[in-house]
Amino acid sequence: MADKNSGEWHSTACVLCSLNCGVKVQLTEDGKSIARTRGDEDHPASLGYLCNKASRLDFYQNREDRLLTPMRRTAEGGYETIDWDTAISEIAGKLKGIAETHGGDKIFYYGGGGQGNHLPGAYSRTTLATLGVQFRSNALAQEKTGEFWVAERMFGGYNHGNFEDAEVIIFLGKNPWQSHGFHRARAAIREMAKDPDRTLIVIDPKRTETADLADIHLAVRPGRDAWLLAGLVATIVQENLQDQDWIDAHAEGLSEVVDAFSETDIADCADKCGIDEAIIRSTARTIAKAGSVACFEDLGVQMNRHSTLVSYLQRLVWILCGNFARPGTHYTSNGLGNLGGGREEGKSPVLGARIIAGLVPCTAIPAEVMSDHPNHYRAMIIESGNPVHSLPDSPRWREAMRALEVSVVIDVSMTETAREADYVLPATSQYEKAEATFFNFEFPRNYFHVRKPLFAAPEGPLDEAEIHMRLAEAMGGVPEGIEEELKSILKKDGREGFQGAVFAKLAEDPSLMKVAPGLLYRTLGPTLPDGMQNAAALWALSHQHAAGNAESLHRAGIEGEGMALGENLFETLINSHSGVVMSDEPWEAIWSRTPGGKANLALTDMLADAAMLNDEVPDETDNEYPFLLSAGERRTYTANTILRNPAWRRKDPDGALYIHPDDAAKLNLGEGSSARISTQRGSMDVVVELSDRMQTGHVSLPNGLGLDYPDEDGRLKTTGTSPNELTWSEWADEYVGTPWHKSVPARLEAID
Ligand SMILES: Nc1nc2c(c(=O)[nH]1)N[C@H]1C(S)=C(S)[C@@H](COP(=O)(O)OP(=O)(O)OC[C@H]3O[C@@H](n4cnc5c(=O)[nH]c(N)nc54)[C@H](O)[C@@H]3O)O[C@H]1N2
Ligand SMILES: Nc1nc2c(c(=O)[nH]1)N[C@H]1C(S)=C(S)[C@@H](COP(=O)(O)OP(=O)(O)OC[C@H]3O[C@@H](n4cnc5c(=O)[nH]c(N)nc54)[C@H](O)[C@@H]3O)O[C@H]1N2
Ligand code: SF4
Ligand SMILES: [Mo]
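Read on for a plain summary of the structure. The model shown is predicted, which means the values in this text are computed figures rather than measured ones.

Parameters at a glance
Residues numbered from 1 in each chain as written. Chains lettered and ligands numbered in written order. Predicted model: local features only at pLDDT ≥ 70, side-chain atom pairs only at ≥ 80, totals over all residues. Heavy atoms only, no water. Near = heavy atom within 4 Å. Nonpolar A, V, L, I, M, F, W, Y, C, P; charged D, E, K, R; others polar. Helix = DSSP H or I, 4+ residues; strand = E, 2+ residues; numbered from the N terminus. Expected span 1.5 Å × (residues − 1). Buried < 20%, exposed > 50% of the residue type's maximum accessible area, 1.4 Å probe, protein only. Pairing = 2+ DSSP bridges. Axes fitted to C-alpha atoms, helices over the stretch in contact; angles between N-to-C directions. Polar contact = N/O pair within 3.5 Å; in protein donor to acceptor, adjacent residues only side chain to side chain. Areas by Shrake-Rupley, 256 points an atom, 1.4 Å probe, with all protein chains shown as cover. Domains from an automatic or database assignment. Parallel < 35°, antiparallel > 145°, perpendicular 65-115°, else oblique. Left-handed = near helix turned anticlockwise from the far one by under 90°. Contact = heavy atoms within 4.5 Å.

## As for the site of ligand 3
Near ligand 3, the surroundings consist of Cys 14, Leu 16, Cys 17, Asn 20, Cys 21, Leu 50, Cys 51, Lys 53, Ala 54 and His 180. Its residues placed into classes, the shell around ligand 3 shows seven nonpolar, two polar and one charged.

Next up, the structure:
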């Protein structure tokens, strides 16, 4: 726990986006709030960098709507507070009842971590394994699963770009000036823009802040990236621009790709995507000529038509020119845990939707709850996620939540999702326990940052680990006496003896594995320094990682062999304040993770789709819905739903709808006027802001708005528009079910 007295700077991380930049904070004198924030120069990746949002972190820690006690939904539809024992015994009884009567596979698990907290996900296994839960998902299955799946099949894992060193940088449906996605983004983009030897290419219908700094801005027509990328691939193939020597040495499947694109009509692609053929061809030549190219695709294409195909086509553009496993190009990284694998792992039980990386497509969940199929989900545990607000079709989600026989939400606030649940359990905040995320994709040197708690938790909330262990105990999943026995071994024989005892116990009774994370929290956890009980799960992970990665750990300066190496890794992690480099590899190491040591260029399903593009007549809009809505844009003051108090936002108070002035004029919409936006799903009122950054016919709303928060009188007040009141589940990618939020057909009209 941070020393409450004054003045001292404590190391932690910003939890407002996936980067978790290192932050140093000073607390107020009462030790309850963050008073000052600055960048942490000792953080191995952010190096002191922060964006505008980090100074608002106290809005995360201190909130009027903080959950302080378990809640149970009443027959009248309100909530009553209940004590922990009642909550745990009722929830355990109901979940266990469903598991025994219908099978654990009827209980669905959603979430497990947001942008700053992935340790709850580790402890949830204690409950899930006890119940025999089979199906789960999280927010990655509404954005990244298509990309994961393609990358897995091409490279054997999720690939990331080395943007800092690339000669040509491509941002595809990505606005890193606002959304980051790689470290020190604003500083790095400025460096790219300034350097005459580097070319920054931005592919975005909107002239974003990133596009302002680009050498080449390809203002593609919304939803038409597939044609642009097919045009780039076809140019490379037809003009013979590929790096033949590199492909001969490092890739397979070139002839299938050449066959698929040798007849592609590039003029037709140009026509459909709205970018001149000459510009497509010259851009392809720029890419082919470059010494190194790195590309970042994000939601502009991942939540859009042909999303999985686009994830493939953009990879073809750079892999044909040899941009993998070399500095300035792309890599698969080596971190702790393995977030981001993309294997296909069976099908979901009702719709038979493809499960990628263990995640059921988010768009399938409500239908799989409300179906009368015998295998439909009957209960749900939602932890550290707000799907009623953040997944497509909020109205349908509300219905699905009520259709469940039991629903449990574990959160810090009374969220839109919590308000539909049968039970709501209060969790400690990310600054009241040790925390970490698994979104670390650096290379050649990758790092891990375990943060120490800053604040004592208030009376009431519990760490997720404790919640899961209590549930498992109440369900009879934890053998009598085991906790005390392990504790006394740890006390007597230290960690080495403890490890031996844990292994012996597991060999004797493999079912103990189910509750291992919770047991570690209870036994090893309290012995960890600085109140870091919640870091206990990292002990097992450290040993697991050490067993297969001695060389990269040694190179990173973490010493020892066998068990000692795992122990040293764990010790280094929990004793560091600002994060630790825990992997250091040569570029060749990437090939050892690539099946057969070669990149796979030819994905036959994707090539078949690409071959159809010239025949496809795109038709996104019609007379009834003449606009395309980009539903959920990242702006200077948006942070998913992590911050609920609207006062945190210094700009754009209503989360305005951006529209081109020509469109606004036609609809008699002035700056700051109100409009109604309607889609096939619903209608919402919005405040309008004119912006010539938008194309005509294209409008955008921010993500993460439409949250309610108590005003001065304690009345709940909603700020801005909740985008998913306007979206629906079927509007999604055919392969992995990621929603098409960036291409929602919509109609606009002025209102008084
Ligand atoms: N400030 C802030 N930063 C964040 C977040 C946040 O809430 N706020 N959230 C974080 C999360 S969870 C994520 S996943 C990332 C997302 O980061 P981004 O994907 O960069 O964010 P978006 O603004 O949703 O979409 C990016 C761009 O896609 C463009 N776009 C829309 N339609 C199309 C199209 O048809 N084609 C192309 N090529 N582009 C199109 C939009 O104009 C927009 O500029 O941001 C992270 N960072
Ligand atoms: N239309 C549209 N919808 C979108 C998007 C879009 O662009 N357009 N973007 C999507 C994207 S990319 C993403 S990633 C999702 C994000 O949506 P979600 O995955 O729902 O994530 P968050 O909004 O970050 O919600 C995280 C939840 O965790 C809670 N929380 C915070 N700290 C703790 C803690 O320590 N313990 C527990 N138990 N809970 C905690 C917060 O209060 C919050 O309720 O939204 C998606 N929704
Ligand atoms: S880029 Fe900004 S929001 Fe993201 S972690 Fe860093 S400071 Fe926080
Ligand atoms: Mo995201």
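## Comments concerning helix α8 (residues 225-238)
Along an α-helix, residues three or four apart share an orientation, since each turn contains 3.6 residues. Helix length check: α8 (14 residues) gives 20 Å between terminal C-alpha atoms against 20 Å at 1.5 Å per residue, within 8%. In terms of residue burial, α8 counts as a mostly covered element, since 13 of its 14 residues are buried. Positive phi appears at Asn 240, one or two residues downstream of α8, with a value of about 55 degrees.

## What to know about unusual backbone geometry
Geometrically, the link from Phe 443 to Pro 444 is a cis peptide bond, its omega value of -5 degrees lying close to zero. Residue position: Pro 444 is located in the loop between β19 (423-426) and β20 (445-448). One non-glycine residue with positive phi stands out, namely Ser 384, at about 60 degrees. One can find Ser 384 in the loop between β17 (379-383) and α16 (387-390). Here Asp 530, not a glycine, exhibits a phi torsion of approximately 55 degrees, which is positive. Looking at the element boundaries, Asp 530 is found in the loop between α20 (516-523) and α21 (537-548). A relative accessible area of 40% places Asp 530 in the partly exposed class.

## Side note on the sheet that holds β17
One key point about sheets: their strands pair by backbone hydrogen bonds, in either a parallel or an antiparallel sense. If you walk across this open sheet you meet the seven strands as β5-β4-β19-β18-β17-β6-β7, and the pairing is mixed. Because the sheet does not close on itself, it has two edges, and the strands there are β5 (79-81) and β7 (135-137). With strand direction ignored, the average angle separating the axes of adjacent strands in the sheet is 15 degrees. As defined by bridge partners, strand β18 (residues 406-411) adjoins β19 across four bridges and the pair is classed as parallel. Across the sheet, the residue bridging to Val 409 is Val 424, located in β19.

## Overview of the site of ligand 1
Around ligand 1, a shell composed of 33 residues is seen, among which Asp 204, Gly 223, Asp 225, Thr 638 and Lys 742 lie nearest. Separating a nitrogen atom of ligand 1 from a backbone N or O atom of Gly 173 is a distance of 3.4 Å. Asn 703 places a side-chain nitrogen or oxygen 3.2 Å from an oxygen atom of ligand 1. Bound to the protein, ligand 1 loses 96% of the 910 Å² it would expose on its own. Secondary-structure elements contributing two or more residues to the shell around ligand 1 are α5 (176-179), α13 (299-302) and β23 (627-633). Of the residues assigned to the shell around ligand 1, the class counts are eight nonpolar, 14 polar and eleven charged. In this structure, the shell around ligand 1 is formed jointly by two domains, domain 2 (159-332) and domain 4 (627-751), each of which donates at least three residues.

## Overview of the packing of helix α4 (residues 145-155) against helix α14 (residues 307-319)
As a packed pair, α4 and α14 sit with axes 8 Å apart at the nearest point and diverge in direction by 40 degrees. It follows that α4 is oblique to α14 by the angle criterion. Seen along the crossing, α4 lies across α14 with a hand that is right-handed. Within the contact between the two elements, α4 uses Gly 146, Glu 147, Trp 149, Val 150, Ala 151, Met 154 and Phe 155 and α14 uses Thr 308, Ser 311, Tyr 312, Gln 314, Arg 315, Leu 316, Trp 318 and Ile 319. Looking at the contact of α4 with α14 residue by residue, the class counts come to nine nonpolar, four polar and two charged.

## A word on the pairing of strand β28 (residues 707-710)
The side chains of a regular strand alternate between the sheet's two faces. Here β28 shows a buried face lined by Leu 707 and Tyr 709 and a second buried face lined by Asp 708 and Pro 710. Alignment of β28 against strand β29 (residues 716-719), held across four bridges, turns out to be antiparallel. Opposite Pro 710, over in β29, you have Leu 716 as the bridge partner. Connecting β28 to the antiparallel partner β29 that follows it, the hairpin turn spans five residues, and Gly 714 within it adopts a positive phi of roughly 80 degrees.

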